[in-house]
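# Examination of the molecular architecture
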Amino acid sequence: MPASAAEARTNPDTRAVTAARWAQALVFLAGAGVALNALGNGFPNDDQWIVAEALDFRHPSQWGHALARPWWPYANALWRPVTTLQLAMETWLGGGRELPYHAINCLWHGLASLLVVRLALRWVTPLAAGLAGLWFAWLPVHVEPIATLVGRADMGVTVFLLAAALAASRDGAFTRARGWELFAWSALAMGSKESGIAAPAVVWAFARLRRGHGESLAMAGAAAAGLVPLLIGRFFVLGTFGGDDPHPTWVGLPWVQGTMLALRYLAVGVGLMLPGSSPRFEYAPSDRLIAHPAPLLVAAGGVLVLGALAAFVQHVRRPGMATAAVLWWAATILPVSNLVFRSGIVLADRTLYGPSVASALLVGAYLGWQERQRVPRFSLRVTRFAVLLMAGVAAWRTWTDLPRWKDSRTFIETIIERAPNSWPGYLFRGMARAGSGDRAGAIADYDRGIALFGREQRLLTERAKFALADGDTARATDHLERALAAHPRALRPRQVLLDVYARQGRSDRRCIILRDGTRIAPDQRRWADEWRAVQAAGGCR
């Protein structure tokens, strides 16, 4: 016989199910709701290249071309077919208007927040899980992925990894059907962004909470199999399994110095996962910071690495929610940590979207521990209130920061305001000023950027062009030679330098630069034709 309404209200299991549903619904609304302040945003910065100017997004007949090219339209770097297909569909259905994209971003963030609650509910009460979900939903470091369309890749991979963790930690035997489910979530994560390669580790960590070693490894194997089709497709599209070119910071930097810098930013990234953080939107270091990366932060990064290793050992021996959360962080941060290989970024807020799930799960784990230890009710209420208060402060900061990504101008001015010692803001503003005819302003920005970081080829090349226009060939030559020394494969400074050497009559130097250019970029027809003419005339002298 079905229970009466009165029995349902007094049945503890029924009350817990109802509370869990309310927690998930409210956190979904909290996550989607805070993101609503991005609905007025346009296409800032990278969104212009990825979405607004992607002609092959506009009709289904062109989507095959979009899926068969790199994520960046003008660089052979990265392949994200799942995210590409999403944005292409939205472009076609929404007519390229900004609002639909950002409305869907709100839903994605709400969904990610809901899944955090759902995962935490496996081990803690609805109240603890709900507070953990609010912590995640309102973190200020999520402003960039919520406010931008390129951030969809980070939200997508996080949602699919959470789905994989839920599938791995669900009760029941490991069947063929569950293996295919893990395969699918892993493939979708990898197709959303490269950090989906963390899927097998995530699956193992959360399967281990309910299962023995053998079954957990089998589940991780199913997730690993899901990566294979995406890696094969990546090779066919890009011609390599590798990722983006290293960030200018890493070019020519000794391994030890680079590792110290990576450890520093590992600690900075963890700090950004707290509610009181103040994201700067840009973290590229100056030459001075690279030379002196703050010993305390480097040490803190080292402690974090050792802590992750200790959590792994503990999880093998005695798995728990807290160690699973730490392993989530380690698995999702590792691909962008620059500890294993140097990536195309130093640190970016959007790359912390997935790793920040760990901070929310740790909050839930601590609240659950307090509940199990039967601490005094007053202490438990104080802890809950403190978490809610911190989350509320974070929500206000997130809400007010979202419009700072309204357009490229607002975004650039925010970078310069918050990160005055980081060179990209001056590069972006200099390019904008040059485009609008503000010559003096552009030169001032390029000079400021070069003073902060003297190895960025775009800064050096753009400043050299102005020097050439002023007849200052000595400055132009110096900047271009520095640009090529730091980035030998860069095409723009090489072409401008070829023109400068021709103007100076330095045929010997021009010949060497031309020869090296044809080896680096044999598809450059102009260089190939000139090199054949040089060879016909007797080659370099």
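Shown above is the structure to which this text applies.
Residues numbered from 1 in each chain as written. Predicted model: local features only at pLDDT ≥ 70, side-chain atom pairs only at ≥ 80, totals over all residues. Heavy atoms only, no water.

According to the stated counting rule, one finds 16 aromatic pairs in the structure shown. Relative to Phe183, the ring of Trp180 has its centre 5.3 Å away and its plane inclined at 65 degrees; by these criteria the two rings are edge-to-face. Linking Trp180 with Phe183, this pair stays in helix H10 (residues 176-192), spanning 3 residues, or about one helical turn. With relative accessibility at 24%, the residue Phe183 sits in the partly exposed group. Judged by centre distance (6.2 Å) and plane angle (85 degrees), the ring pair of Phe206 and Trp328 falls under edge-to-face. Here Phe206, found in helix H11 (residues 199-207), pairs with Trp328, found in helix H16 (residues 321-333); they are 122 residues apart in sequence, far enough to count as distant. For Phe206, a relative accessible area of 2% corresponds to the buried category. Judged by relative accessible area, Trp328 falls into the buried class, the value being 0%. What links up through ring pairs into an aromatic cluster is the set Phe281, Trp405, Phe411 and Phe428. Positioned over the ring face of Trp250 is Arg342, at 5.2 Å from the centre of the ring. (Phe/Tyr/Trp six-rings, centres within 6.5 Å; stacked < 30°, edge-to-face > 60°. Helix = DSSP H or I, 4+ residues; strand = E, 2+ residues; numbered from the N terminus. Buried < 20%, exposed > 50% of the residue type's maximum accessible area, 1.4 Å probe, protein only. Lys NZ or Arg CZ within 6 Å of the ring centre and 35° of its normal.)

The subject of this paragraph is the side chain of Arg463. On the secondary structure map, Arg463 appears in helix H22 (residues 457-469). Using a relative accessible area of 6% as the deciding quantity, one classes Arg463 as buried. Non-local contacts of Arg463, meaning those with residues more than four positions away in its chain, are made with Ile443, Tyr446, Asp447, Ile450, Arg475 and His479. (Contact = heavy atoms within 4.5 Å.)

Interaxial distance between helix H6 (residues 98-120) and helix H7 (residues 126-137) falls to 8 Å at its minimum, and their mutual angle equals 150 degrees. Judged on the interaxial angle alone, H7 and H6 are roughly antiparallel. The two elements H6 and H7 meet at a crossing, and its hand is right-handed. Contacts between H6 and H7 pair His109, Ala112, Ser113, Val116, Val117 and Ala120 from the former with Ala129, Gly130, Ala132, Gly133, Phe136 and Ala137 from the latter. Partitioned by chemical class, the residues of the contact of H6 with H7 number 8 nonpolar, 4 polar and no charged. (Axes fitted to C-alpha atoms, helices over the stretch in contact; angles between N-to-C directions. Parallel < 35°, antiparallel > 145°, perpendicular 65-115°, else oblique. Left-handed = near helix turned anticlockwise from the far one by under 90°. Nonpolar A, V, L, I, M, F, W, Y, C, P; charged D, E, K, R; others polar.)

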